[in-house]
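As a plain string of letters, each chain reads:
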Amino acid sequence: MRKGWLVLLAMALVVALAVPASAEMKLTGFYRVKPTLSNYLGAGNLSLGVPGTDTATSSSLVKESGSGSGVDTARSRSWTEMRNRLRFEIGDENVKGVTFFELDGVFGDLGGGTGRNQGFASNGDSINLETKNAFVWFKVPNTTLDFTVGLQGYLDEFGGLLFGYSDQAGVVANYKLDPVKLRLTWLKIRDNVTDVAGLGNGWTSSNPGDFDADYYALDAKFAPTANATVTGHFGFLRDSGSFIGQPTEAAALEILKAYYLGVNATFKLAPATITGF
């Protein structure tokens, strides 16, 4: 299986290098600045409406200043946050490469530091660039088959219950055979890591394959009419560390194997669209 994926990845890189000189280059993105003033947030927390943020055990929505628990509403706080996203794309209708970066933080947070979500204090000069996506997309000539290989945005068929527009590394293949569309997915959730002291949440480099996690899925979307689609889904998660999204008791398991089976249906009844799964 590993050799097969390596061969596929090598093919993708060869195709990427073969992009013609006439390929089109696009730069898209946005820059957003958002000031906020509110008396309803937790101390030291830039989130609104979070109950009990001063003390983890408190469930009170409102507490007076100095009470030591709940949300301090006796005074207002203000901050200005910003986010800048840049998406580079080069290629044509048959092959393209994409890189997608993000910078974000709060005015005055930290300068001269290293890490995400900061770097906008005096003098700046921080290492804070985040890589959202880095992938190659290409079509197989004379077919309706295409591949996306690399770190890519991924959405499941259930409104994001499993993967909600998350960035995942792997290979996604799409094949169209009217009126059916197939999507085959392999995502490498984790690799080359070792559990530290059995905690389940701290990882260091080790041998490839140790405590790794893989996700496989097959989606078949059927469109009987222009206003209706039905999608069948089968997914399989194999986690040899068994820590992702599991209760504490699961840390004692050696290998977690989870299967997902479901159906998603969407109907367009103008002006409404109804989706259920």
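Located above this text is the structure these notes cover.
Okay, so let's go over this structure.

The rules behind each value
- Residues numbered from 1 in each chain as written.
- Predicted model: local features only at pLDDT ≥ 70, side-chain atom pairs only at ≥ 80, totals over all residues.
- Heavy atoms only, no water.
- Pairing = 2+ DSSP bridges.
- Helix = DSSP H or I, 4+ residues; strand = E, 2+ residues; numbered from the N terminus.
- Axes fitted to C-alpha atoms, helices over the stretch in contact; angles between N-to-C directions.
- Patch = residues over 30% accessible without salt bridge, like charges linked within 9 Å, V, L, I, M, F, W, Y side chains within 5 Å.
- Areas by Shrake-Rupley, 256 points an atom, 1.4 Å probe, with all protein chains shown as cover.
- Salt bridge = Lys/Arg side-chain N within 4 Å of Asp/Glu carboxyl O.
- Phe/Tyr/Trp six-rings, centres within 6.5 Å; stacked < 30°, edge-to-face > 60°.
- Buried < 20%, exposed > 50% of the residue type's maximum accessible area, 1.4 Å probe, protein only.
- Lys NZ or Arg CZ within 6 Å of the ring centre and 35° of its normal.

Structural notes on the sheet that holds strand E5 (residues 145–154)
- With respect to topology, 11 strands assemble into an open sheet ordered E1-E2-E3-E4-E5-E6-E7-E10-E11-E12-E13, the strand pairing being antiparallel. Of all the strands in the sheet, just strand E1 (24–38) and strand E13 (272–276) have a single pairing partner and so form its edges. Direction aside, neighbouring strands of the sheet carry axes that sit 15 degrees apart on average.
- Pairing of strand E10 (residues 213–225) with strand E11 (residues 228–239), which is carried by 11 bridges, proceeds in the antiparallel orientation. The residue of E11 that forms the bridge with Phe222 is Val230.

Focus on a nonpolar patch on the surface
- A cluster of nonpolar side chains, namely Tyr175, Leu177, Leu182, Leu184, Leu218, Phe234, Tyr259 and Leu261, defines an oily patch on the protein surface of about 840 Å² accessible area.
- Going through the elements one at a time, strand E6 (166–177), strand E7 (180–190) and strand E12 (256–269) are the ones with two or more residues in the nonpolar patch.
- Considering the arrangement of structural elements, one finds Tyr175 in strand E6.

Notes on the pairing of strand E2 (residues 77–91)
- Examined bridge by bridge, E1 and E2 share 15 bridges and lie antiparallel to one another. Paired with Lys34 across the two strands is Glu81, which belongs to E2.
- Across 11 bridges, the pairing between E2 and strand E3 (residues 95–106) is antiparallel. Considered in E3, the bridge of Glu81 is made with Val106.
- Hairpin connection of E2 to E3: 3 residues between the antiparallel strands.

Focus on the environment of Gly164
- Tracing the backbone through its elements, the reader meets Gly164 in the loop between E5 and E6.
- Taking the C-alpha atoms as reference, Gly164 lies 7.1 Å from Tyr154; in sequence the two are 10 residues apart.

A closer look at the packing of aromatic side chains
- Under the criterion given, the structure shown has 9 aromatic pairs.
- Between Phe138 and Phe147, the aromatic rings sit 5.5 Å apart at their centres with planes inclined by 25 degrees, giving stacked as the arrangement. Here Phe138 matches Phe147 in class, with each residue buried.
- Seen from the ring of Trp137, Lys96 lies directly overhead, with NZ or CZ sitting 5.4 Å from the centre.

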